[in-house]
Amino acid sequence: MKISINGKKVEAKQGETVLQVAKRSGVDVPHLCSLDWAPSPAASCRLCVVEADGSSRLLTSCTLEAADGLAVQTHTPRVLKARRAIMELLVASHPQDCLSCVRGGHCELSTLAADLGVRKARYVGAVKHHPVDISSPALWRDPDKCVLCGRCVTVCHDVQGVGAIDFTGRGFKTRVAPGFSPGLNVSECVFCGQCARVCPTGAIVERDQVDDVVAALADPDAVVVAQVAPAVPATLMEGHSKSEGVRVMLERLAAALKRVGFDAVFDTGFAADLTIVEEASELLDRVRNGGVLPMFTSCSPAWVNYVETHRPDLIPHLSTCKSPQQMAGALIREIYPKRTDLDGRRLVVVSVMPCTAKKFEAQDLDGVDHVLTTRELDHLWGRFGVDFGTCTEQAPPDPPFAETTGAGRLFAGSGGVMEAAVRTAHLLVAGSELEGDPKVAEARGREGVRRFTVTAGEAELNLAVVNGLGRLTETLDELLDPQTSLHFVEVMSCPGGCVGGGGQPYDTDVQAVKERLERLYEVDRRSRTRRAHENAGVQALYEDLLGRPLSEASHRLLHRTYTDRRPHSVQV
Ligand code: FES
């Protein structure tokens, strides 16, 4: 079908909204409450209004379905006037602290206000005075900055299926908050941070730890080291030369971190390889010795939070392996001081992660002091005057956590843990490597749930990959049904996996996630070693320290326990 946008005929698909068709056709219609990749909103902001033939009213293009022959005008004087009036009202009741707001320079509201020509607050409206919620170690909420667009509510309910926050109160007192709860820390929130990633203002943001890191770097009594998750360099490549690989970007990042004062930079991908060896061994142990099945992965901290907060009955199903961040943290503390003379100084471990839930995890477990999201890196560069885009210097990650196989890099995407685990489990179960290209195509993709069976020697392993918490809640009963005979389930909380994490850049959309996943597949394809157990550093670690997978030493450093955190069981 064809519709006309500003007099130009454009192709539209069945079910598409005018806003979607306009975007695809290069017409930028301002919008605040709708998201390209999430279910349609309640059309609350009305910034997307257009004029349509046959209607005397302005219509919201985010809910107006394309119909053959429909003709709309997106930027008429009447439309521009209406949008500007709406924006002026939003600005009138918004705090005027943009100079010190954490979203300064990255605020959709202020960008839209500028686009619409709103240069000053023409109206003086009543201003809200809600307390700021800083109770959570991962996410902070400032309800005064909320424009009630509802994106966070849509994402929390309809995409993630968690439902921790919702609209509460009436009229001017309406706000978004956890139900009946004084703070996010004791709510049903799992800290995935998808709300923060889609918030157009500073109403929900990650707990900023840049100050803590800057203070540690300035402390002469501290040795500060960083570990970098595989998703981060795969994301930073956006906007940079396509000829650069993920490894080159990691080395550029390592050089920039050293330039601002880090004493060493490690690759968390090393710990991803280690996680796979431990996790595949645990799976085999459970299968052979009648352990609880299916075993669920435990590397996504928001998923672990979901189990602890919503379904503690599933704790026996969780692998006891720590996440790569926490394995790396424990090993850095165990090994680095023995290799490097700290000269009485304290060791500070900083993680650079695509994830806000990692901040909660780092506080919950020992090993990591501070966690910076991919977004916070920009603030760190700002403090030290680093223009990362022009930094071409490279520094390889530091030993002993410098190497990562293709399997470890795949960890950053949905299905990657499963693919890496299959490669190692095949050796453990069948006594031989997967033949030929070790790509496990069934684990890849962006569907919500993928189930498949892998044959390893005489054995068959029944496996499932869950892409995003929203799909999990719909299918959990089926996954647990003994009839399905599943052995192993990978769960990534954020759609697309870590590359779509809650700490990733604000403009992350479906296309960006797809491109990041392709980059991971490419780096895996080009890797010299593609199986976690081939990582020479991991092999040396077993020889020198751990002995074997699931040993006493590995349990002490690499495994963990879980807690029932249902909101009613937490003391406020
Ligand atoms: Fe259409 Fe908000 S984007 S009403």
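Residues numbered from 1 in each chain as written. Predicted model: local features only at pLDDT ≥ 70, side-chain atom pairs only at ≥ 80, totals over all residues. Heavy atoms only, no water.

Trainee: I'd love a proper account of the overall build of the protein, names of residues and values included.
Mentor: Scanning the protein from terminus to terminus reveals 19 helices and 17 strands. Scaling as 2.2 N^0.38, a compact globule of 572 residues should have a C-alpha radius of gyration of about 25 Å, and the protein matches this with 25 Å. Taken over the C-alpha atoms alone, the protein extends approximately 75 × 60 × 55 Å along its principal axes. Across the 572 residues of the protein, 59% fall into the buried class. (Helix = DSSP H or I, 4+ residues; strand = E, 2+ residues; numbered from the N terminus. Rg over C-alpha atoms; globule rule 2.2 N^0.38 Å. Buried < 20%, exposed > 50% of the residue type's maximum accessible area, 1.4 Å probe, protein only.)

Trainee: Which residues make up empty space enclosed by the protein, and what are the values?
Mentor: Summed over all chains, the structure comprises eight cavities of 30 Å³ or more. Roughly 180 Å³ of internal volume is contained in the largest cavity. As for the largest cavity, its lining consists of 17 residues, of which Pro230, Pro324, Lys358, Phe411 and Cys498 are closest to the centre. Among the residues forming the lining of the largest cavity, the class breakdown is twelve nonpolar, four polar and one charged. (1 Å grid on protein atoms, 1.4 Å probe; cavity = no way out; pocket = protein on both sides within 12 Å on 5 of 7 lines; lining within 4 Å. Points joined across faces, edges and corners; volume = space filled by probe spheres on them. Nonpolar A, V, L, I, M, F, W, Y, C, P; charged D, E, K, R; others polar.)

Trainee: So what about the layout of surface pockets? Which residues, and what values?
Mentor: Estimated volume of the largest pocket: approximately 1300 Å³. In terms of lining, the largest pocket is formed by 47 residues, of which the most central are Glu108, Pro505, Tyr506, Asp507 and Thr508. Within the lining of the largest pocket, the residues separate by chemical class into 17 nonpolar, 13 polar and 17 charged.

Trainee: Before we move on, could you go through the sheet that holds strand β4 (residues 59-60) and cite the residues and values that matter?
Mentor: One open sheet holds the five strands; their spatial order is β2-β1-β5-β3-β4, and the pairing between them is mixed. Edge positions in the sheet fall to β2 (8-11) and β4, since each has one partner strand and no second. Those strands touched by helix α2 (residues 77-92) are β3 (49-52) and β5 (71-73), and its axis lies near 155° from that of β3. (Pairing = 2+ DSSP bridges. Contact = heavy atoms within 4.5 Å. Axes fitted to C-alpha atoms, helices over the stretch in contact; angles between N-to-C directions.)

Trainee: Can you break down the packing of aromatic side chains residue by residue, with the values?
Mentor: Per the counting criterion, the structure on display carries seven aromatic pairs. Pairing Phe266 with Tyr336 gives two aromatic rings, centres 5.7 Å apart and planes at 75°, and the pair type is edge-to-face. One end of the pair, Phe266, is in strand β11 (residues 264-267); the other, Tyr336, is in helix α11 (residues 324-339), and 70 residues separate them in sequence. Comparing Phe266 with Tyr336 shows no difference in burial state: the two are buried. (Phe/Tyr/Trp six-rings, centres within 6.5 Å; stacked < 30°, edge-to-face > 60°.)

Trainee: So, the side chain of His426: which residues are in play, and what are the values?
Mentor: Inspection of the secondary structure puts His426 in helix α15 (residues 416-430). What makes His426 buried here is its relative accessible area of 9%. When residues no more than four places from it in sequence are discounted, the contact partners of His426 are Gly431, Ser432, Glu433, Leu434, Thr455, Ala456 and Gly457.

Trainee: Give a description of the pattern of salt bridges that names residues and reports values.
Mentor: Summed over the entire model, instances satisfying the criterion amount to 41 salt bridges. The closest approach of N and O atoms between Asp211 and Arg383, which form a salt bridge, is 2.8 Å. In this pair, Asp211 is assigned in helix α6 (residues 210-218) and Arg383 in helix α13 (residues 374-384), connecting sequence segments 172 residues apart. The class for Arg383 is partly exposed, based on a relative accessible area of 44%. Salt-bridge contacts for Asp364 lead to Arg560; the nearest nitrogen and oxygen are separated by 3.8 Å. One end of the pair, Asp364, is in helix α12 (residues 357-364); the other, Arg560, is in the segment after α19 (552-558), and 196 residues separate them in sequence. Residue classification places Asp364 among the partly exposed positions, given a relative accessible area of 33%. (Salt bridge = Lys/Arg side-chain N within 4 Å of Asp/Glu carboxyl O.)

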